[in-house]
Amino acid sequence: MSSTTPEPQFIVAPSHVSHAQATIICCKIHVLQLRIRSGGHDYDGLPYVSDVPFAILDMFNPRAKSNVHGFPAGACPTVGVGGHFSGGGYGNMTRKYGLSVDHVLDAQIVDANGRILDGESMGEDFFWAIRGGGRASSGVIVAWKIRLVPVPETVTVFRVEKTLEHGALDLLHRWQYVVDKIHEDLFIRVVILPVNRKDNKTIKAKFISLFLGNSERLLALMNEHFPELGINKNNCIEKSWVKSIVYWMDYDKGTSISVLLD
């Protein structure tokens with residue numbers, strides 16, 4: 001964004017479906033392109049910019065929590081539910097529960113004519129398309145009906161970083177052979193990052209995990225299937241599932257779960 005970036009004519013943050021309807025109809029009357037923001041996670045900035053006069057409909061409004069129910073969603077804090085579901089929805093419980101869209105039961109959408117449609121009235125093909133078919137052209141989705149999944153009251157997380165000098169390459173190679181064979185309650189993600197030091201430039205592999213169970217069970221599985229990573233009791237942190245999301249977002253220790261509503 002810069003001083004030359006086109007600005008929207010207005011921004012609407014709807015609190016009722018009628019606000020979305022009115023925004024769509026208003027944009028049609030005044031020939032404005034409508035940009036829809038969910039979480040705003042877009043490398044091209046498409047929810048914010050346009051080459052023609054435009055308005056923004058801001059749909060970001062998350063709520064609710066539970067200690068024994070969760071949802072198999074993503075692992076990036078800037079992805080909103082609209083963009084996530086329209087892309088299918090891959091997350092850290094995918095191995096056990098599949099994609100997010102596998103648990104979408106219904107949706108409510110405002111189409112280009114301002115009509116409110118649910119899964120039945122929009123038709124099977126349309127309902128299929130909004131669950132993984134891509135974003136930006138379907139309409140304004142104002143509600144999702146989802147099926148929550150059971151999670152234990154205690155889950156375990158860990159984060160371990162290894163540089164090339166500490167065996168990152170061998171660990172990454174080994175990870176590829178075990179990550180799809182270990183218990184479905186265990187998800188291990190690897191992120192490859194550059195490390196720039198004054199005297200040395202290298203690469204590190206960050207292994208971050210969510211296990212749907214306690215640390216004792218996790219250590220038993222890791223020792224059996226991936227002992228090379230060297231996970232021990234000190235690496236393991238037990239939390240509730242919702243607090244594990246804050247951990248995965250890499251917030252500072254002690255950050256309140258209320259940050260998930262920001």
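Keep in mind the model is a prediction, meaning the values are calculated, not measured. Throughout this description, residue numbers start from 1 for each chain and increase along the sequence as written. At least 70 in pLDDT is required for a residue's local features to be given in this predicted model, at least 80 for side-chain atom pairs to be given and counted, and no such filter applies to totals for whole chains, interfaces and linings, which use all residues. As a rule here, side-chain values cover all heavy atoms of the structure and leave hydrogens and water aside.

Take the overall build of the protein next. Along its length, the protein carries 8 helices and 12 strands. Relative accessibility decides the category of a residue: with a 1.4 Å probe and only protein chains considered, values under 20% of the type maximum give buried, values over 50% give exposed, and everything between is partly exposed. When the 262 residues of the protein are sorted by exposure, 39% land in the buried category. A sequence separation of at least 24 residues applies to 64% of the contacts in the protein between residues at least 6 apart. In this description, accessible areas are obtained by the Shrake-Rupley approach with a 1.4 Å probe, and a residue is regarded as covered only by the protein chains that are shown. Surface summary for the protein: the accessible area is close to 15000 Å², and the carbon and sulfur share equals 52%. Working definition: helices are DSSP H or I runs of at least four residues, strands are E runs of at least two. Numbering for both runs from the N terminus. In this analysis, two residues are considered to be in contact whenever any of their non-hydrogen atoms come within 4.5 Å of each other.

For the rest of this paragraph, the subject is the nonpolar core. Counting residues in hydrophobic clusters, the biggest one holds 22 residues, and the most contacted among them are Ile188, Phe207, Met222, Phe226, Leu229 and Ile231. When contributions to this core are tallied by element, the ones reaching two or more residues are strand S9 (155-163), helix H6 (168-178), strand S10 (186-196), strand S11 (201-211) and helix H7 (215-225). Setting aside residues up to four positions removed in sequence, phenylalanine 226 forms contacts with Leu171, Arg174, Trp175, Val178, Ile188, Phe207 and Leu221. Counting 17 residues, the second-largest nonpolar core is a separate cluster that includes Ala75, Phe187, Leu210 and Leu212. Note on terminology: a nonpolar core comprises buried Ala, Val, Leu, Ile, Met, Phe, Trp, Tyr and Cys residues joined through side-chain atoms within 4.5 Å.

Any two strands with at least two DSSP bridges between them are considered paired. Read across the open sheet, the 3 strands follow the order S1-S3-S2; overall the sheet is parallel. Since the sheet does not close on itself, it has two edges, and those belong to strand S1 (11-12) and strand S2 (33-37), each with one partner. Both S1 and strand S3 (residues 54-58) contribute to a ladder of 2 bridges, which runs parallel. In the sheet register, isoleucine 11 faces S3, and the bridge partner there is isoleucine 56.

Now for the confidence of the model for the protein. What pLDDT expresses is the predictor's confidence in each residue, scored from 0 to 100. Overall, the prediction assigns the protein a mean pLDDT of 86, with 89% of residues at 70 or greater. Confidence, expressed as mean pLDDT per element, reaches its minimum in the protein at helix H2 (residues 81-86) with 76 and its maximum at H7 with 97.

Here we come to a nonpolar patch on the surface. On the surface, Leu164, Leu169, Ile192 and Ile203 cluster together into a nonpolar patch covering about 380 Å² of accessible area. The topology assignment puts leucine 164 in the loop between S9 and H6. Patches in this entry comprise residues that are over 30% relatively accessible and not in a salt bridge; like charges within 9 Å are linked, as are nonpolar side chains (Val, Leu, Ile, Met, Phe, Trp, Tyr) within 5 Å. Salt bridges, as used here, are contacts in which a Lys or Arg side-chain nitrogen is within 4 Å of a carboxyl oxygen on Asp or Glu.

Whenever strands of a sheet pair, they do so through backbone hydrogen bonds, lying parallel or antiparallel. Strand order in the open sheet formed by 4 strands is S10-S11-S9-S12, and the pairing between neighbours is antiparallel. Every interior strand has two partners, whereas the edge strands, S10 and strand S12 (237-239), have only one. Adjacent strand axes in the sheet meet at a mean angle of 20°, parallel and antiparallel pairs treated alike. Judged from the 8 bridges that link them, S9 and S11 form a sheet pairing that is antiparallel. Residue pairing for S11: lysine 162 is matched across the bridge by alanine 205. Axis definition: a line fitted to C-alpha atoms, over the contacting stretch in the case of helices. Angles run 0 to 180 degrees between N-to-C directions.

So, about H7. Of all the positions in H7, only Ser215, Leu218, Leu219, Leu221 and Met222 are classed as buried. The buried side chains of H7 occupy one side of the element, clustering within an arc of 165° when seen end-on. Residues of H7 that are exposed and point more than 90 degrees away from the buried face comprise Glu216 and Glu224. Where H7 is buried, its residues contact S9, S10, S11 and S12. Two N or O atoms count as a polar contact when they lie within 3.5 Å, although within protein this holds only if one can serve as hydrogen donor and the other as acceptor, and sequence-adjacent residues are included solely when both atoms are side-chain atoms. For H7, the side-chain oxygen to backbone nitrogen distance between the N-cap and glutamate 216 is 3.3 Å, and the N-cap itself is asparagine 214. Taken from the helix axis, the directions to the C-beta atoms give the arc we talk about.

Any cysteine sulfur atom paired with another within 2.5 Å is treated as part of a disulfide. In total, this model carries 0 disulfides according to the counting rule given. Unpaired in this structure, cysteine 26 has its nearest cysteine sulfur neighbour in cysteine 27, at a distance of 5.6 Å.

Take the side chain of asparagine 92 next. Residue position: asparagine 92 is located in the loop between H2 and helix H3 (94-97). Assessed through its relative accessible area of 5%, asparagine 92 is described here as buried. Setting aside residues no more than four positions away along its own chain, asparagine 92 makes contact with Ala73, Phe187, Leu210 and Trp248.

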